[in-house]
Amino acid sequence: MSDDAPPTTESAPASASPSGPDVADVADVGIADGLAQLSFLVQGVLGKVAAEYGLSVIQLRLLGVLRDREPGMQALARHLGLDKSSMTGLVDRAERRGLVRRTASPHDGRVVLVSLTAEGRELARTGAADASRRIHALTAHLTDAQRTQLSLLTSAVLADHSTI
């Protein structure tokens, strides 16, 4: 969700050297398998966080997207990879729970903007902090330099794929 939370203070596994794992000792699974397996690992963490807050992963993603923007329904659906009816249902459920609100765009009355309520903002903040702490823990055995490199490489991959 966010890199706003500080890195975890959990200690590295006993098998890791103080300078982090030696890359030469790690079997390369390849870029496709590596990114897919990393995605599964992160999605598993997000699934646990979401469940603890009584949310689905897609609801947690919705809150994460809305933390710093108020997109229209169509842009939000594109970003989350949902069709119009699924997006409407997702926002309906979040609205009933008091997490989001819909408002007409001041620039185009046909556009419906979605934003967080105070309750939604607080849940997004605590969920993001919890997810960030747990995701940071996944890299606890890496050195600071390795974490920085991973962050920069991830940012480079994501740079051309933002939809909002």
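Throughout, a residue's number is its position along its own chain's written sequence, starting from 1. In keeping with the predicted nature of the model, local features appear solely for residues at pLDDT of at least 70, side-chain atom pairs appear and are counted solely at 80 or more, and the whole-chain, interface and lining totals rest on all residues. For side-chain calculations, the full set of non-hydrogen atoms in the structure is used, while hydrogens and water are omitted.

### Concerning the overall build of the protein
So, step 1. Going along the chain from the N terminus, every DSSP run of H or I of four or more residues is numbered as a helix, and every run of E of two or more is numbered as a strand. Within the protein one finds six helices and two strands.
So, step 2. Start at the N end of the protein and walk to the C end: the helices and strands fall as α-α-α-α-β-β-α-α.
So, step 3. Burial classification: accessible surface area is computed with a 1.4 Å probe over protein chains only, and a residue below 20% of its type maximum counts as buried, one above 50% as exposed, and the rest as partly exposed. The buried share of the protein, taken over its 164 residues, is 30%.
So, step 4. Any two residues whose heavy atoms approach within 4.5 Å at even a single point are treated as in contact. Within the protein, residue pairs in contact and separated by at least 24 positions form 62% of the contacts whose partners lie at least 6 positions apart.
So, step 5. Counting only carbon and sulfur atoms, one obtains 57% of the accessible surface of the protein, whose full area is about 10300 Å². In this description, accessible areas are obtained by the Shrake-Rupley approach with a 1.4 Å probe, and a residue is regarded as covered only by the protein chains that are shown.

### As for the confidence of the model for the protein
So, step 1. Known as pLDDT, the predictor's confidence for each residue is given on a scale from 0 to 100. Summary statistics for the protein give a mean pLDDT of 88 and a share of 86% for residues scoring 70 or more.
So, step 2. The least confident element of the protein is helix 6 (residues 144–158), whose mean pLDDT is 93; the most confident is helix 5 (residues 118–138), at 97.
So, step 3. Across residues 1–17 the pLDDT falls below 50, and counting only partners more than four positions away or on other chains, this stretch makes 32 contacts in the model.

### Side note on the nonpolar core
Considering soluble globular proteins, one finds that nonpolar side chains tend to be buried as a cluster.
So, step 1. We call a set of buried residues a nonpolar core when its members are Ala, Val, Leu, Ile, Met, Phe, Trp, Tyr or Cys and they connect through side-chain atoms within 4.5 Å of each other. Counting 25 residues, the largest nonpolar core has Leu62, Leu76, Met87 and Val100 as its most contacted members.
So, step 2. Listed by contribution, the elements that provide at least two residues to this core are helix 1 (31–52), helix 2 (57–66), helix 3 (73–80), helix 4 (84–96), strand 2 (112–116) and helix 5.
So, step 3. Per-element tally for this core: the top contributor is helix 2, with five residues.

### Describing the pairing of strand 2
So, step 1. Burial analysis of strand 2 places four of its five residues in the buried class, which makes it a mostly covered element.
So, step 2. For two strands to count as paired, DSSP must find a minimum of two bridges between them. Relative to strand 2, strand 1 (residues 100–104) runs antiparallel, the two sharing five bridges. In the sheet register, Thr103 faces strand 2, and the bridge partner there is Leu113.

### Some remarks on a nonpolar patch on the surface
So, step 1. On the surface, Ile31, Leu35, Leu38 and Leu41 cluster together into a nonpolar patch covering about 390 Å² of accessible area.
So, step 2. Judged by relative accessible area, Leu35 falls into the partly exposed class, the value being 46%. Here, patches come from residues exposed beyond 30% relative accessible area and free of salt bridges, joined within 9 Å for like charges and within 5 Å for nonpolar side chains (Val, Leu, Ile, Met, Phe, Trp, Tyr). By convention in these notes, a salt bridge is any Lys or Arg side-chain nitrogen within 4 Å of a carboxyl oxygen on Asp or Glu.

### Notes on the pattern of salt bridges
So, step 1. Tallied over the entire structure, the rule returns nine salt bridges.
So, step 2. The partner of Asp68 in a salt bridge is Arg69, and the shortest N-O contact between them spans 2.9 Å.
So, step 3. On the accessibility criterion, Asp68 (56% relative accessible area) is exposed.
So, step 4. The partner of Asp108 in a salt bridge is Arg110, and the shortest N-O contact between them spans 2.9 Å.
So, step 5. Residue Asp108 is classed as partly exposed on the basis of its relative accessible area, which comes to 23%.

### As for helix 6
So, step 1. To estimate the expected span of a helix, subtract one from its residue number and multiply by 1.5 Å. Compared with the 21 Å implied by 1.5 Å per residue over 15 residues, the 21 Å span of helix 6 between its first and last C-alpha is a close match.
So, step 2. Little of helix 6 is tucked away: one of the 15 residues are buried.

### Section: the environment of Val57
So, step 1. With respect to the helices and strands, Val57 occurs in helix 2.
So, step 2. Looking at Val57, the relative accessible area reads 24%, which means it is partly exposed.
So, step 3. Each C-alpha atom, one on Val57 and one on Gly44, is 9.4 Å from the other, the two residues being 13 residues apart in sequence.

### Re helix 4
So, step 1. For helix 4, with 13 residues, the first-to-last C-alpha span of 18 Å sits near the 18 Å given by 1.5 Å per residue.
So, step 2. Where helix 4 is buried, its residues touch helix 2, helix 3, strand 1 and strand 2.
So, step 3. Gly98 sits one or two residues past helix 4 and shows a positive phi near 85 degrees.

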